[in-house]
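Structural features, examined
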Amino acid sequence: MMDDLERELGRFEDLKHEDDFSDDNSTRGSKRTKPRRMDAGESYKTPRETGFHQSTRICLEHIREALLHHRWQEAAEYMACYPQKLEDTATSQSEQYTELVWRLSTEILHQHPNSKLDDYNSIYERMKHSGIRHYLMICLEHSFHLLLNGHIENAKNQLSAAESWRYGKESGHVRQQQIVKLIQAYRSLLDYMIWCDKRFTHFDTDPSSISNADMHNYFRQASVNLKEILRNPGVWDPFILSYVEMLDFYEDYEEALNVLKNYAYDNTFPPNPNAHVYLYQYLKRHEAPERKLIKVLKILQVLVPSHELMLEYSSLLLQSERKKDTQKALEVVLEMLAFACWKSNLDAWKRLKDIIEKLQLEKNWKDVVSDKMAERKNWWPALHFTSFHFRTDSEENPELVEVKASLTKILCPDLTMKYSAGQESA
Amino acid sequence: MFEANMDEEWTAGYREPCVQCSAVDWGVSDEGRFYCRSCHNVIERTREVVDPTFTPGSSRVSTIGKGSRTKKTERGHQWNICEGFQFILKKQAEALIRLGVSPRLKDEVLCELWRLYLQKSGQAFTDRPLTSFRVNVRGLDSDSESAAEFSGRSVSDTDGETVASSTVLSNAGSSVDPPPCSGSSDAVSYLTAQQLRSSSLMTMRKTLALIHIALVWIREALTLSDLLRLVNEGHVPYVNAFEELPDEMKLEGKDHLIFKVETIPSHESVHKEAQALLHVLQLPPFPPISCQSLLHPALLSLRYLTELNLPDELHLWVCRLMEQAGLEDQTVHTVDPLTLYVLPRYGVQTAALIVVTMKAVFGGVLRQTGEQDDSGNLFNLRRWYKLLQAALIRAQQNKEHDTARKQWRSKRDVSTSRNRKWVAVKKKRTAEQVQICFERLSSRPAGVERIGPSSFRFCWGDEDGADGPGLHHLTLDGVLTLKHGVLTPSHSTYWHPALQQCNYWRCRSHYLKLEPTLPRMFVWLLKLFSFLLDVKPASLYEEVLRVERRVFGSRTPWRKTKTETKTETKTKTKCRPKTKTKTRPETETKTAKTDR
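Residues numbered from 1 in each chain as written. Chains lettered and ligands numbered in written order. Predicted model: local features only at pLDDT ≥ 70, side-chain atom pairs only at ≥ 80, totals over all residues. Heavy atoms only, no water.

**Concerning the overall build of chain A**
Note the cut-off: Each helix is a run of H or I in the DSSP string that is no shorter than four residues. Each strand is a run of E no shorter than two, and both are numbered from the N terminus. A simple rule labels every residue: compare its accessible area, found with a 1.4 Å probe on the protein chains alone, to the largest value its type can have, and call it buried under 20%, exposed over 50%, or partly exposed in between. What makes two residues a contact is simply this: any of their non-hydrogen atoms within 4.5 Å. Note on areas: Shrake-Rupley with a 1.4 Å probe; residue coverage comes only from the protein chains shown.
Check the secondary structure of chain A and you find 22 helices and zero strands. Burial statistics for chain A: of 426 residues in total, 49% are counted as buried. Nonlocal contacts in chain A, meaning residues at least 24 apart in sequence, comprise 62% of its contacts between residues at least 6 apart. With the model as given, the accessible surface of chain A reaches about 21,700 Å², and the carbon-plus-sulfur share is 50%.

**Section: the overall build of chain B**
Within chain B, the regular secondary structure consists of 19 helices and nine strands. Out of the 596 residues in chain B, the part that is buried amounts to 52%. Partitioning the intrachain contacts of chain B with sequence separation of at least 6 by distance along the chain shows that 71% fall at a separation of at least 24. Approximately 28,900 Å² of chain B is accessible, and the part contributed by carbon and sulfur atoms is 51%.

**Topic: the domain arrangement of chain B**
All names here are of chain B. Definition in use: Each domain's extent is set by a domain assignment, obtained either automatically or from a database. Within this document, salt bridges are pairs made up of a side-chain nitrogen of Lys or Arg and a carboxyl oxygen of Asp or Glu, the two lying within 4 Å of each other. Under this definition, polar contacts are N or O atom pairs within 3.5 Å; protein pairs additionally need one hydrogen-donor-capable and one acceptor-capable atom, and for neighbouring residues in sequence, both atoms have to be side-chain atoms.
If you check the domain split of chain B, you get domain 1 (1-46), domain 2 (77-126 + 182-283) and domain 3 (296-405 + 425-444 + 457-555). Counting the contacts that link domain 2 with domain 3 gives one salt bridge. Across the pair Arg303 and Asp226 runs a salt bridge, and its minimum N-O distance is 2.8 Å. For the pair domain 2 and domain 3, the number of links is eight residue pairs in polar contact (both at pLDDT 80 or more).

**A look at the packing of helix α13 (residues 273-285) of chain A against helix α14 (residues 290-303) of chain A**
To characterise two packed helices, one gives the angle between the axes of the helices and the distance between these axes. Residues and elements named next belong to chain A. Put simply, the rule is: Helix axes are fitted to C-alpha atoms over the stretch in contact, other axes to C-alpha atoms as well, and angles between N-to-C directions run from 0 to 180 degrees. Roughly parallel refers to an angle under 35 degrees, roughly antiparallel to one over 145, roughly perpendicular to one between 65 and 115, and oblique to any angle outside these ranges. Left-handed describes a crossing whose near helix is turned anticlockwise from the far helix by less than a right angle; the clockwise case is right-handed. Throughout, the ten residues Ala, Val, Leu, Ile, Met, Phe, Trp, Tyr, Cys and Pro are labelled nonpolar, Asp, Glu, Lys and Arg are labelled charged, and all others, Gly among them, are labelled polar.
Two elements in contact, α13 and α14, have axes whose closest approach is 9 Å; the angle formed by their N-to-C orientations is 160 degrees. Considering the angle they form, α13 stands roughly antiparallel to α14. In this structure, α13 crosses over α14, and the sense of that crossing is left-handed. Only Leu293, Val296, Leu297, Ile299, Leu300 and Leu303 of α14 make contact with α13, whose side of the interface consists of Pro273, His276, Val277, Leu279, Tyr280, Leu283 and Lys284. Looking at the contact of α13 with α14 residue by residue, the class counts come to eleven nonpolar, one polar and one charged.

**Thoughts on the confidence of the model for chain A**
Filter applied, for reference: In predicted models, pLDDT denotes the confidence assigned by the predictor to each residue on a 0 to 100 scale.
Put simply, chain A has an average pLDDT of 82, and 85% of its residues get 70 or more. Counting contacts from residues 10-46 of chain A, a segment whose pLDDT is below 50, to residues more than four positions away or on other chains yields 65 contacts.

**A short note on helix α21 (residues 387-396) of chain A**
Residue and element names in this part refer to chain A. Put simply, the rule reads: Throughout, the arc means that of the directions going from the helix axis to the C-beta atoms.
If you check which residues of α21 are buried, you get Ser387, His389, Phe390 and Asp393. On an axial view of α21, the arc spanned by its buried residues comes to 150 degrees, and they lie on one face. For α21, the exposed residues set more than 90 degrees away from the buried face come down to Glu395 and Glu396. Buried residues in α21 make contact with α17 (340-343), α20 (380-384) and α22 (398-411).

**What to know about unusual backbone geometry**
Leaving glycine out, the prevailing phi sign among residues is negative, and the prevailing peptide bond configuration is trans. Phi is positive for Glu287 of chain A, which is not a glycine, with a value near 55 degrees. Relative to the helices and strands, Glu287 of chain A is located in the loop between α13 and α14.

**As for the packing of aromatic side chains**
Residue and element names in this part refer to chain A. The cut-off we apply is this: Pairing of aromatic side chains here covers Phe, Tyr and the six-membered ring of Trp, requires ring centres within 6.5 Å, and sorts the geometry by plane angle: under 30 degrees stacked, over 60 edge-to-face, intermediate tilted.
Per the stated rule, a full pass over the model turns up 24 aromatic pairs over all chains. Where Tyr135 meets Trp165, the ring centres are 5.2 Å apart and the plane angle is 25 degrees; that geometry is what we call stacked. Remark: Trp165 occurs in the loop between α7 (152-163) and α8 (168-172) and Tyr135 occurs in helix α6 (residues 135-148); sequence separation between them is 30 residues. Judged by its relative accessible area of 5%, Tyr135 is buried. Accessibility expressed as a relative area gives 5% for Trp165, which makes it buried. Ring geometry for Trp195 versus Tyr250: centroids 6.2 Å apart, planes at 50 degrees, classification tilted. Taken together, the residues Trp195 in helix α9 (residues 174-202) and Tyr250 in the loop between α11 (237-249) and α12 (253-265) connect sequence positions 55 residues apart. The buried category is assigned to Trp195, whose relative accessible area is 0%.

**Considering the environment of Glu362 of chain A**
Residues and elements named next belong to chain A. For Glu362, the location among the structural elements is in the loop between α18 (346-359) and α19 (365-374). A residue is classified by how much of its surface remains accessible, and Glu362, at 29% relative accessible area, is partly exposed. Each C-alpha atom of the pair Glu362 and Lys323 lies 9.1 Å from the other, and the pair is 39 residues apart in sequence.

**A short note on the pattern of salt bridges**
Residues and elements named next belong to chain A. For the coordinates displayed, the defined rule picks out 39 salt bridges over all chains. When the shortest N-O distance is used, the salt bridge between Glu74 and Arg71 registers 2.8 Å. The class of Glu74 is partly exposed, set by a relative accessible area of 24%. You can call Arg71 partly exposed: its relative accessible area is 36%. Each member of the salt-bridge network shares a partner with another, and the members are Lys156, Glu163, Arg187 and Asp191.

**What to know about the nonpolar core**
The nonpolar side chains of a soluble globular protein tend to be buried, and buried together. The cut-off we apply is this: We call a set of buried Ala, Val, Leu, Ile, Met, Phe, Trp, Tyr and Cys residues a nonpolar core when their side-chain atoms join them within 4.5 Å.
Core analysis: the largest hydrophobic core is formed by 130 residues, its most contacted members being Leu96, Phe259, Met358 and Trp384 of chain B. Each of domain 2 (77-126 + 182-283) and domain 3 (296-405 + 425-444 + 457-555) of chain B accounts for three or more of the residues forming this core. Not counting the four nearest positions on each side in its chain, Leu96 of chain B is found in contact with Val101, Leu105, Ile211, Leu215, Leu222, Leu227, Leu230 and Val236 of chain B. Membership of the second largest hydrophobic core comes to 76 residues, among which are Val244, Leu300, Leu346 and Tyr419 of chain A.

**Some thoughts on a nonpolar patch on the surface**
Residue and element names in this part refer to chain A. For the record, the criterion: Think of a patch as exposed residues, more than 30% relative accessible area, with no salt bridge, where like charges cluster within 9 Å and nonpolar side chains (Val, Leu, Ile, Met, Phe, Trp, Tyr) cluster within 5 Å.
Together, Tyr265, Ile299 and Leu303 make up a nonpolar patch on the protein surface, roughly 230 Å² of accessible area in all. Along the chain, Leu303 falls in helix α14. The partly exposed category is assigned to Leu303, whose relative accessible area is 37%.

**Regarding the pairing of strand β7 (residues 486-489) of chain B**
Residues and elements named next belong to chain B. The condition is simple: Pairing between strands is defined by DSSP: at least two bridges between the two strands are required.
Bridging between strand β6 (residues 480-483) and β7 involves four bridges; their strand directions are antiparallel. Pairing of Lys483 across the sheet is with Val486, part of β7. Counting the residues between successive antiparallel strands, the hairpin from β6 to β7 contains two residues, one of them, His484, with a positive phi of roughly 50 degrees.

Below is the structure:
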């Protein structure tokens with residue numbers, strides 16, 4: 001927004017430098033320019049800033065200065081004087097000024113200590129109807145604001161009204177279409193919120209009660225839209241969750257699973273680790289077989305090797321009977337431990353120990369281990385097993401020292417560094 | 001389709017279900033009646049009066065009154081543009097009289113000037129008036145007595161002033177009915193005439209010029225700078241003067257182009273208009289501006305000296321210099337056909353005089369030399385500069401703040417065409433709402449707070465709110481010495497830039513080019529006076545040169561006369577005019593140098 005302001009003020013800077021000496025040109029014999037617009041008392045003038053434009057320009061400068069220096073009261077005072085610019089007929093960019101007034105007003109309202117919700121409502125309503133291009137955006141912003149202040153019903157009404165907006169070619173424009181999608185999505189979210197509210201406050205076991213019917217109504221409204229929305233590629237986390245929750249409540253498990261799977265596996269959607277997390281959590285909730293869980297987490301591991309679910313993943317792998325899975329578990333945990341968040345995690349190290357112990361039941365465990373450690377042996381010891389680490393670990397987490405110490409020899413047999421209290425060995 | 005949503009705004013307060021279909025979906029038809037959008041049932045409710053305090057989106061239901069079904073076709077009067085201007089002039093004069101100007105302004109002077117103007121510009125009191133597209137045109141003698149017996153349909157001011165336009169429709173027997181809506185009858189022809197002819201038709205800016213001429217005639221102490229400042233502060237109607245037109249004179253269509261202003265004209269432009277008007281009006285010689293009148297430099301300089309906190313003693317020197325420059329003669333200041341109606345710029349001239357005096361008294365470069373003052377009685381230029389600079393900066397900042405806050409739009413709807421009217425009304429309402437919201441939030445109304453009008457910008461003394469301590473009582477002994485028993489300024493040299501006059505038709509001023517080479521104190525002094533008078537420093541600079549030319553007698557550039565004070569002319573970047581003629585004065589100043 002500040003860039004727009006810059007552009008606006010920059011334009012007027014040029015105009016300002018034009019009128020230097022006097023009203024007439026210094027070359028008096030020059031041809032008179034035809035007046036573009038007959039303003040009373042201004043005939044035959046070269047294009048020059050009128051007093052009105054000068055006032056609004058300086059006012060804008062003052063508002064900008066005040067905003068930049070967080071002088072909200074001053075900004076509000078000048079903002080009261082600025083709206084006359086909206087009535088300017090001599091400008092070709094009235095939409096731009098409408099946008100300017102909209103954004104400046106909301107900014108000041110956000111920051112000024114005395115602003116009330118009524119002020120917001122009034123400004124939003126006015127600005128909404130004073131231009132076409134920004135109608136939807138302003139509706140969206142307005143409803144966000146209502147939402148943040150807890151007026152959910154109101155917010156929903158705003159969005160419903162906005163959904164049915166049509167204005168010739170403008171509403172068919174791509175930019176507007178995108179905003180419409182957002183509006184629909186958020187309206188559904190609001191429906192969900194109201195549904196939640198009703199569910200926890202009014203839910204009766206009596207299936208024919210009116211409040212239940214109302215609740216079901218909201219569900220229906222929300223789900224229609226959400227289904228549509230979720231077909232579009234994008235990141236729809238909160239919407240997915242709400243939809244799935246509702247579906248779950250109404251025991252439409254198949255649909256829920258479908259939705260989650262689509263969200264996670266559809267290639268047209270941007271890669272989103274959360275999708276897999278949600279799917280996993282859902283499956284877990286519904287006691288899916290372990291193989292399925294492992295399958296889901298496998299992809300997650302590729303996407304985010306340091307995810308918090310990795311520990312669970314490794315335990316799942318450990319529990320399985322296949323040998324390959326144990327090896328995989330080793331790999332997973334080794335990768336995890338390379339990250340700062342897991343580096344000193346006792347559970348992770350314990351898991352590693354368990355894996356190693358299980359592996360040791362096999363004959364070729366040394367090969368397996370050295371195989372996995374091959375790509376790591378240059379930097380792993382320095383990352384975990386120096387005397388510095390020994391010192392810090394002893395201070396913070398003595399139990400960890402034990403676990404780590406027991407693993408040094410196994411993981412790094414040719415270790416030259418000593419994971420113990422001692423000097424830095426060569 | 002667009003209206004469908006805009007209707008929401010109108011009907012948002014109304015939530016009654018339709019009697020036929022029980023839906024709550026109201027729209028507003030073209031006539032302003034409410035109708036149900038699902039079953040098209042029309043109800044009695046109309047949207048006639050829109051409550052400006054209604055905020056759509058709030059749950060309050062506002063009562064919308066039942067208005068009449070058809071729009072009242074108002075039968076306004078037919079009026080001409082010059083009648084509008086006449087009314088506005090009257091209002092402006094009344095405002096000035098309320099501020100303390102002599103009542104003679106309106107009845108005796110302005111009225112006559114207006115009549116004369118109408119006659120000379122051919123709009124009235126002539127045999128062949130300009131705007132004659134209506135049926136019966138009454139020709140009149142140019143005698144002003146017959147104005148009394150002429151009773152056209154003069155609209156507005158019928159209180160004693162019987163000036164009327166002669167191109168008004170005749171009372172009886174006009175077979176043409178006046179059109180149902182009003183607006184001036186000759187706006188279009190007025191505008192085209194204005195463009196075609198050499199603008200002797202009245203414009204808003206010319207009203208100020210006319211008033212200025214009237215003020216000079218009655219020798220009122222208001223200079224053009226003062227008048228423009230009063231206009232800027234809103235004490236004299238100008239920007240939205242058409243709001244005060246009576247209801248019968250409605251502005252429509254192209255009228256706005258004539259009466260709407262968005263700029264306060266500059267000093268230079270109004271002066272030029274006044275000059276042009278004088279040529280048109282061909283007035284008799286003005287009442288003389290003698291030494292006793294307040295526009296004369298003798299007394300006007302006293303006012304400026306007081307305003308700028310300069311010692312009263314300086315006035316003596318100003319008067320001396322005035323004599324030397326030949327400016328005390330009243331013929332110089334009086335407008336006269338013999339002098340080709342040259343209208344002096346009283347304020348600017350006096351300011352220039354003071355600047356030259358200061359240069360003479362304090363030395364050409366205005367430097368305060370030596371002599372630290374312990375007694376506290378001597379006037380010290382540096383101290384004065386510090387005080388004034390602080391006050392000047394404050395005043396400039398306040399002026400900028402006022403400019404930012406100034407409100408230009410009128411309460412009445414102004415739109416050039418019928419189609420845009422609705423859009424304009426909507427925009428106005430939006431602007432008003434936003435303004436109200438922020439006025440409430442900041443607890444400060446928009447616009448500039450109206451303070452009492454004052455001729456003075458600065459205030460010196462010991463009271464609260466003064467700009468600083470007063471220095472009027474201090475003496476100039478620090479810069480004066482006794483020479484041959486006469487007090488003269490200690491600085492014997494006087495510096496001035498090249499004084500030859502530029503060719504008027506080729507170039508006007510070289511101030512901007514010369515400014516970096518001029519002494520800083522001098523430039524600052526120019527800026528100070530320019531701020532005070534609201535003129536450009538360049539024009540003040542030219543006036544200073546003019547005064548210096550008079551003082552040193554170098555009116556004709558190639559004849560140097562002997563002068564009292566020793567002059568030291570700097571040869572520096574001479575006027576590099578855009579003309580190709582060789583400037584003879586160049587050689588002249590060189591010889592002047594050798595004189596020394």
